[in-house]
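# Topology and contacts: notes
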Amino acid sequence: MKVIALKEGNFSVNKEKEFVFLDESSKGIKMSIQPFLVMTGTENILLDAGLGWLENHQPKIFANLSEHEIQPSQIDKILLSHLHKDHISGLVNTSAEEWTLNFPDAEIYIQQREYEFALSKKGSLSFDFEILDFIIKNAEIIWMNEDSGNISTEITFQVTGGHSPFHQVFWIKNEEEIYFFGADNLPQSAYLKYHLAYKTDFDGKTAKDQRIEWEILAIKEHWKVLLYHDLEQSILEF
């Protein structure tokens, strides 16, 4: 099994939730965007899908996958932690007038309750409702309704809340390794250093308390933590 970061780049985000490529003059919140490719030996799985950043008029994620000799048609499953635009926009190629799915052969796993919450927030700048609607109408959606369970023999999930009401996290395990994807409840290594409840979260206290519990388990079980928004690193090993 291999787990590989597919980094789109480092960005700054303003109050209007607009993402611009990071440079020395950038203002606003600074973060990376990096989905993860899980190669189990029998399946190729994405953990979240990125911002859909274009490079030379092609999705950056295509070039990242190509470096590992993976074509978009070889992605079997895409597991979404939540539906904010910086986690789902990479599912759709918007470079041409007629949009297309970047991974038309993949099953896309979405928490039903998270989708219903998103629809109740039509004025929120955190979502791109055009892209979300295109995904729902055109992709093969696997609706998730349980609070926890198994995606496959290697991957389990748990609905945690925190960053969003039905945000979910994933563990990827085999006999030798445990990878953990905390998505936006644990997006950067600094979130473990400073035990803070962030106002940008739907329930910051819940997310904070979970991080404390996860760190204890990570130390005990030697987790490899996947960091979706960390500027410096992609995997934090315990």
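Below or above, wherever it landed, is the structure these notes cover. Predicted model only: the values in this text are computed from it and were never measured. (Residues numbered from 1 in each chain as written. Predicted model: local features only at pLDDT ≥ 70, side-chain atom pairs only at ≥ 80, totals over all residues. Heavy atoms only, no water.)

### Some words on the packing of aromatic side chains
Our working definition: Any two rings among Phe, Tyr and Trp, with Trp reduced to its six-membered ring, count as a pair given centres within 6.5 Å; such a pair is stacked if its planes are under 30 degrees apart, edge-to-face if over 60, and tilted if neither. For each residue, the accessible area found with a 1.4 Å probe, counting protein chains only, is set against the maximum for its type, and the residue is called buried under 20%, exposed over 50%, and partly exposed in between.
In the structure shown here, the tally under the stated rule is 16 aromatic pairs. With 6.5 Å between their ring centres and 75° between their planes, phenylalanine 11 and phenylalanine 19 make a pair best called edge-to-face. This pair shows no difference in class: phenylalanine 11 is buried, exactly as phenylalanine 19 is. A ring pair is formed by tryptophan 171 and phenylalanine 180, whose centres lie 5.0 Å apart and whose planes are at 45°; its orientation type is tilted. For the pair shown, tryptophan 171 and phenylalanine 180 are each scored as buried. Among the aromatic residues, those joined into a cluster by ring pairs are Phe11, Phe19, Phe21 and Trp53.

### Side note on the sheet that holds strand β2 (residues 9-13)
Keep this limit in mind: For two strands to count as paired, DSSP must find a minimum of two bridges between them. Numbering goes from the N terminus for both helices and strands, where a helix is a DSSP run of H or I of at least four residues and a strand is a run of E of at least two. Axis lines are fitted to C-alpha atoms, over the contacting stretch for helices. Their N-to-C directions set the angle, which ranges from 0 to 180 degrees.
Read from one edge of the open sheet, three strands run β3-β2-β4, paired in antiparallel fashion. In this open sheet, the two edge strands, each paired with only one partner strand, are β3 (19-21) and β4 (29-33). The average angle at which neighbouring strand axes cross in this sheet is 40°, direction not considered. Examined bridge by bridge, β2 and β3 share three bridges and lie antiparallel to one another. Opposite valine 13, over in β3, you have phenylalanine 19 as the bridge partner.

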